[in-house]
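A look at the structure
Below are the chains, spelled out letter by letter.
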Amino acid sequence: MLYPLVKRNCQRGHFLPPMGFALLLVFGLSPDAGAAPAQTLNGKHVPAAVARLAPVGSLPGSQRLNLAIGLPLRNQEELDRLLQELCDPTSPNYRRYLTLEQFTARFGPTENDYQALMDFAKSNGLTVTVTHPNRVVLDVSGTVTDIARTFHLNLRVYPHPREARTFYAPDVEPSVDFAVPILHISGLDNYSLPHPNSRLRPVTAAANTTPNSGTGPSGTYRGSDFRTAYVPGTSMTGTGQSVGLLQFDGFYASDIATYVSQAGLPTIPVTVVPVDGGVSTPGTGNSEVCLDIEMVMSMAPGVSGIYVYEAPNPSPWVDLLSRMANDTNSLGKPLCNQFSCSWGGGGVDASAEQIFKQMGVQGQSFFNATGDSDAFTGTIEFPSDSTNITEVGGTTLTTGTGATYTSETVWNWGLHSGSYVGSSGGISTYYAIPSYQQGISMFANQGSTTMRNVPDVALTADNVYVTYNNGSTGTFGGTSCAAPLWAGFTALVNQQAAAAGLSPVGFLNPVLYTIGKGASYAAAFHDTITGNNYSSNSPTQFSAMTGYDLCTGWGTPNGTNLINALTAPPILAPIIASSSFVLVSEGCPNGVVDPAETVTVNFGLQNIGTASTTNLVATLLSTGDILSPSGPQTYGVLGAKGTAVVQPFTFTAAGSCGGTNTASLQLQDGAADLGTVTFSFRLGQGGISNVFSQSFDDVTAPALPAGWTTATSGSQSAWVTSTSTRDTTPNALFSTDPAKAGVNEVDS
């Protein structure tokens, strides 16, 4: 979209900070989709193995496939900046999350583009099966013939290089005769099927814990054992919280009832949320689903509910993820504040990454089991190297009497049933190192300083008792034990946060790494320093060691110490911003600052931070633009998000007529240096005397302040004050994106 602005100080997205001016906006629409040239997608739709294989046939033209078409988010730089601010305790936006409605209005694809995609699909013989409220994903179905024609490709059948089956895949990247950009299309191949990240321990294999002190059969861990080991003494049970689980299979309710009875746990409502038709009959992966449910119940026995999102295998990942992110409760807030995934499979999925960011903006935590094949040596399966979720590795836990914590080592069974089994970790071949991982020495741990390292954290992944398969029991290992335990642990954290009147903790990686790099690390985490995830493919990588490593990340939770660290209140600090610049006296009264003229100007300052100043003093700095400035002025106590205060400064302006000068105030609040704020003005030209400020906080949304009017033409939306879309609380001036071209104006 085009946003030509007649006046400055307007931000893209039709969003105005608290200031006033006349504004005229003209909106341009996307070109007509029907006349669009073909766009070729670059979303890695063709599996790399296809280049080495000869097709053995093609899919029948009448066969129907289900696809999920992803559109790119808008304002992505703003989104990334907001994600950082939400995790920054010094930011006014710290943990001030958006609702689904706010996220969609600010970052989702436009209604116009979403409707155009639906029209495009229908015009090409495809059936729209599901629409998503975030407008990020559109589900369609169609015959192979229609899909091949629409996306200019052929769907071939190939022999699978590693599995005893064939698979289908496109022979080229898809292209479409459609103007609106398409990010990714899921469902065009079934090369990599989602698989659970858990393993049933053979009956002949001995448990790896010494001694075995769990309360389950043969010393296995179940029920309250996990709380005894990792959160002893806590009163938090997850009350008021709900946990969502991503699944590609179903489960038998009787198995959960049996586990609850045997472990002595309270009954927790378990709700199945069918996606893409759901799962009618549990399959071989039901052990994974049962394991996940039982781990959440064990760590957080007081949660309000567990929501099991079930889709057939295979189904597009984005269908599950989008439903999980979009589900809300009766208050319009996220249904679940914490999610867990114990499945892996497939390559990079750009649409899914967008939804992970949506979860972060909405204050939702997502934990993923990294895998059970020891160290990664090449491409890492989705979603185990995503930078936007928390990747969880596994440990073998040793406990004392009554399952009390003694020690841990890296979970690694070695060679079992023809493959190496252990906590997966390694270096992404696709994603660059995220900011939260920077500043860690990666020399001894053999990590990367340029690419994403996994995992982030860990929990026990060995000697876990599971009831599954309509009456079976067994001892399991896998990082898929650890991920739902972390989701349950986070329910405890969010219960404590809610009790203190704080927001959910949201995407945890930035704060986890801050703790890991800080002085409280040893108190907050159990650091796993023994063991490795070696295999025959990786005989020297990676080893556990002090601090961060690529086996268990930072380690496992050290009880209430980590809960308290994660629920610490935001850092209270003043943040000073310029609010006005008003010329009050001059040598030659003409309403402007002239070259070589000595003037007095009122400089306005406002505190937009989270704490008041104690005694703010501002000093006008002498620069090449500002000569002979007057002395410091005391602004005193500026309340957090309070009204602006003005003080006069006298100076002589240097420079030439028409040039832009900058005045800088250095700010000191007691012993605290708060930096500088700047004010720019042009010499010999108007613009100072009519600069003014307007607070939109003194009216009740959506009303405009007195003296302000709005006018529109066509289908434009009027400007209103908004409490839901803003720079600073409580209000800002806002106008939604237009559906058609027209004029949108606000005047004072």
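Residues numbered from 1 in each chain as written. Predicted model: local features only at pLDDT ≥ 70, side-chain atom pairs only at ≥ 80, totals over all residues. Heavy atoms only, no water.

Quick look at the overall build of the protein chain
- Of the regular secondary structure elements, the protein chain holds 13 helices and 42 strands.
- Expressed as a percentage of its 748 residues, the buried residues of the protein chain come to 54%.
- Put simply, of all contacts in the protein chain between residues at least 6 apart along the chain, 75% involve residues at least 24 apart.
- As presented, the protein chain carries roughly 28600 Å² of accessible surface, and 53% of it is formed by carbon and sulfur atoms. (Helix = DSSP H or I, 4+ residues; strand = E, 2+ residues; numbered from the N terminus. Buried < 20%, exposed > 50% of the residue type's maximum accessible area, 1.4 Å probe, protein only. Contact = heavy atoms within 4.5 Å. Areas by Shrake-Rupley, 256 points an atom, 1.4 Å probe, with all protein chains shown as cover.)

Things to note about the packing of helix α7 (residues 286-299) against helix α10 (residues 479-499)
- Relative orientation of the contacting elements α7 and α10 amounts to 35°, with a least axis distance of 8 Å. Remark: the crossing between α7 and α10 carries right-handed chirality. Only Ser480, Cys481, Pro484, Leu485, Gly488, Phe489 and Leu492 of α10 make contact with α7, whose side of the interface consists of Glu288, Leu291, Asp292, Met295, Val296 and Met299.
- A breakdown of the residues in the contact of α7 with α10 according to their chemical character gives nine nonpolar, two polar and two charged. (Axes fitted to C-alpha atoms, helices over the stretch in contact; angles between N-to-C directions. Left-handed = near helix turned anticlockwise from the far one by under 90°. Nonpolar A, V, L, I, M, F, W, Y, C, P; charged D, E, K, R; others polar.)

Side note on the packing of aromatic side chains
- Here the structure, examined in full by the defined rule, presents 31 aromatic pairs.
- Consider the rings of Tyr221 and Phe226, whose centres lie 6.5 Å apart with planes at 55°: the pair is tilted.
- For Tyr221, a relative accessible area of 1% translates into the label buried.
- Classification of Phe226 as buried rests on a relative accessible area of 1%.
- Ring centres 6.2 Å apart and planes at 50° place the aromatic pair Phe339 and Phe366 in the tilted group. Of this pair, Phe339 sits in strand β17 (residues 338-341) while Phe366 sits in strand β19 (residues 365-369), placing them 27 residues apart in sequence.
- Under the relative-accessibility criterion, Phe366 is labelled buried at 4%.
- An aromatic cluster of three or more residues is present, and its members are Phe248, Trp317, Phe339, Trp343, Phe356, Phe366 and Phe382. (Phe/Tyr/Trp six-rings, centres within 6.5 Å; stacked < 30°, edge-to-face > 60°.)

Considerations on the pairing of strand β9 (residues 166-170)
- In terms of burial, β9 is a largely internal element, four of the five residues being buried.
- Of the strand pairs in this sheet, strand β8 (residues 155-159) and β9 are connected by five bridges, and their pairing is antiparallel. Of the residues in β9, the one forming a bridge with Leu155 is Pro170.
- Taken together, β8 and the strand that follows it, β9, pair antiparallel across an intervening segment of six residues. (Pairing = 2+ DSSP bridges.)

Let's talk about unusual backbone geometry
- The omega angle of the peptide bond from Val454 to Pro455 is 5°, so this bond is cis rather than trans.
- Mapped onto the elements, Pro455 comes out in the loop between β25 (451-454) and β26 (457-460).
- Cis geometry is adopted by the peptide bond preceding Phe542, which originates at Gln541 and carries an omega value of 10°.
- If you check the backbone angles, His152 has positive phi at about 55° while not being a glycine.

Take it as geometry only, folks, not as evidence of what the structure does.
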